[in-house]
Amino acid sequence: MSPRPLRPPAGIIKETWVLDGYRLGRLGPDAPHAAIIDDDHHRRLLILSASDDGGVHLYRVSDLPIEVGDKLPALLRNAQTRECRHQRMSPEGELGCLALSLLEALHE
């Protein structure tokens, strides 16, 4: 988790998506603004990051054996089921909830 939005250097970005139809609520100053998803060897795989306009960007920064873009509908369903929009008071916040929803979608 990161207290500020992250945009990886262009040279390491393999793919980028905007989570169409999902808008973050107002994030407080202590709320995470980005989530980094690593593998078991601490290599970065994916980064979820808030944008200034309330959108969410997903960056793939490593090769993965699955098509992440195909999993975005499941991510949005999982986020709705988890009620991520209402997780602003938990330590991981709304963006942490989205990261968990993404991980769940990748395992489906």
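Structural notes, computed from the coordinates.

**Some thoughts on the state of the cysteines**
Here is step 1: The final tally for this structure, using the stated rule, is one disulfide.
Here is step 2: Across the disulfide, C84 is cross-linked to C97 (sulfur-sulfur distance 2.1 Å). Judged by the sign of its S-S torsion, about -75°, the bond between C84 and C97 is left-handed. In this pair, C84 is assigned in the loop between α1 (72-81) and α2 (93-106) and C97 in helix α2, connecting sequence segments 13 residues apart.
Here is step 3: Look at C84 and you get buried, because its relative accessible area is 0%.

**What to know about the pattern of salt bridges**
Here is step 1: Inspection of every chain in the model, using the stated rule, returns five salt bridges.
Here is step 2: Residue D53 pairs with R23 through a salt bridge whose shortest N-O separation is 3.5 Å. Here the residue D53 occupies a position in the loop between β3 (44-50) and β4 (56-60), and R23 occupies one in the loop between β1 (15-18) and β2 (34-38), the gap between them amounting to 30 residues.
Here is step 3: The class of R23 is partly exposed, set by a relative accessible area of 41%.
Here is step 4: In this structure, R60 engages D63 in a salt bridge whose closest nitrogen and oxygen atoms are separated by 3.7 Å.
Here is step 5: Overall, R60 belongs to the buried group, its relative accessible area being 12%.

**Focus: the sheet that holds β3**
Here is step 1: The four strands are arranged β1-β4-β3-β2 in an open sheet whose pairing can be described as antiparallel. Either end of the sheet is taken by a strand with one partner, and the two such strands are β1 and β2. Shown here is a sheet whose adjacent strand axes are inclined to one another by a mean of 15°, direction ignored.
Here is step 2: Where β3 lies against β4, five bridges are found, and the strand directions are antiparallel. Counterpart to S49 in the pairing with β4 is H57.

Quick notes on the rules
Residues numbered from 1 in each chain as written. Predicted model: local features only at pLDDT ≥ 70, side-chain atom pairs only at ≥ 80, totals over all residues. Heavy atoms only, no water. Disulfide = S-S within 2.5 Å. Helix = DSSP H or I, 4+ residues; strand = E, 2+ residues; numbered from the N terminus. Buried < 20%, exposed > 50% of the residue type's maximum accessible area, 1.4 Å probe, protein only. Salt bridge = Lys/Arg side-chain N within 4 Å of Asp/Glu carboxyl O. Pairing = 2+ DSSP bridges. Axes fitted to C-alpha atoms, helices over the stretch in contact; angles between N-to-C directions.

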